[in-house]
Amino acid sequence: MGPDRFPLTFLALLLFSLAIERTQMTGELPLEQPRNCKVISLRSIIFYGAPILHEVHDADDHGWQFLTLEDVLEEDASIVSLEQIVELDRSVLSIIDLPRGWRASRQSTDRAWIYERSE
């Protein structure tokens, strides 16, 4: 990264940090949808602390799915609020602006999200 790109990266990180700080202070979430919006997740994430490694923003109904990378069965699903997901893993705020019809995944919680259009 060249020196001319550093200020933009720094500014982006600063703005993100301020948004998170504002969220923590006011309880507001920088979300397009209501805090109590229902999303699909997995029992292993909600009840057993498995990491969120795959996120899908559905094109057809504007729904969200917060998943692991493992294959799952329908009975593994858990319906929770978007706010609950953020409380479990605040790092999802970094990709909460994911456009409809896109998904993001990462290999572990310390890796960067990779974005791609859903099929």
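Here the structure is shown first, and the text comes after it.
Predicted model, so just to flag it, every value in this text is computed and none were measured.

1. Observations concerning the packing of aromatic side chains
Right, so step 1: Across all of its chains, the model carries 1 aromatic pair by this definition.
Right, so step 2: Taking the centre distance of 5.9 Å and the plane angle of 15° together, the rings of Trp 64 and Phe 66 count as stacked. Per residue, the accessibility class of Trp 64 equals that of Phe 66, and both read buried.

2. A closer look at the environment of Ser 118
Right, so step 1: The residue Ser 118 is located in the segment after strand 6 (114-117) in this model.
Right, so step 2: Overall, Ser 118 belongs to the partly exposed group, its relative accessible area being 24%.
Right, so step 3: As a C-alpha pair, Ser 118 and Gly 101 span 17 residues in sequence and 5.4 Å in three-dimensional space.
Right, so step 4: For Ser 118, the contacting residues outside a window of four places in its chain are Val 56, Gly 101, Trp 102 and Arg 103.

3. With respect to the pattern of salt bridges
Right, so step 1: Under the counting rule described, the total for this entry stands at 3 salt bridges.
Right, so step 2: We note a salt bridge from Arg 35 to Glu 83, for which the minimum N-O separation is 2.3 Å. Pair noted here: Arg 35 is in the loop between helix 1 (6-26) and strand 1 (38-42) and Glu 83 is in helix 3 (residues 82-88), with a separation of 48 residues, a long-range link.
Right, so step 3: Taking the relative accessible area as the measure of exposure, Glu 83 reaches 23% and is therefore partly exposed.
Right, so step 4: In this structure, Arg 103 engages Glu 116 in a salt bridge whose closest nitrogen and oxygen atoms are separated by 2.9 Å. With Arg 103 in strand 5 (residues 102-105) and Glu 116 in strand 6, this residue pair connects regions lying 13 residues apart in the sequence.
Right, so step 5: Since its relative accessible area comes to 23%, Arg 103 is described here as partly exposed.
Right, so step 6: You can call Glu 116 partly exposed: its relative accessible area is 36%.

Thresholds applied
- Residues numbered from 1 in each chain as written.
- Predicted model: local features only at pLDDT ≥ 70, side-chain atom pairs only at ≥ 80, totals over all residues.
- Heavy atoms only, no water.
- Phe/Tyr/Trp six-rings, centres within 6.5 Å; stacked < 30°, edge-to-face > 60°.
- Buried < 20%, exposed > 50% of the residue type's maximum accessible area, 1.4 Å probe, protein only.
- Helix = DSSP H or I, 4+ residues; strand = E, 2+ residues; numbered from the N terminus.
- Contact = heavy atoms within 4.5 Å.
- Salt bridge = Lys/Arg side-chain N within 4 Å of Asp/Glu carboxyl O.

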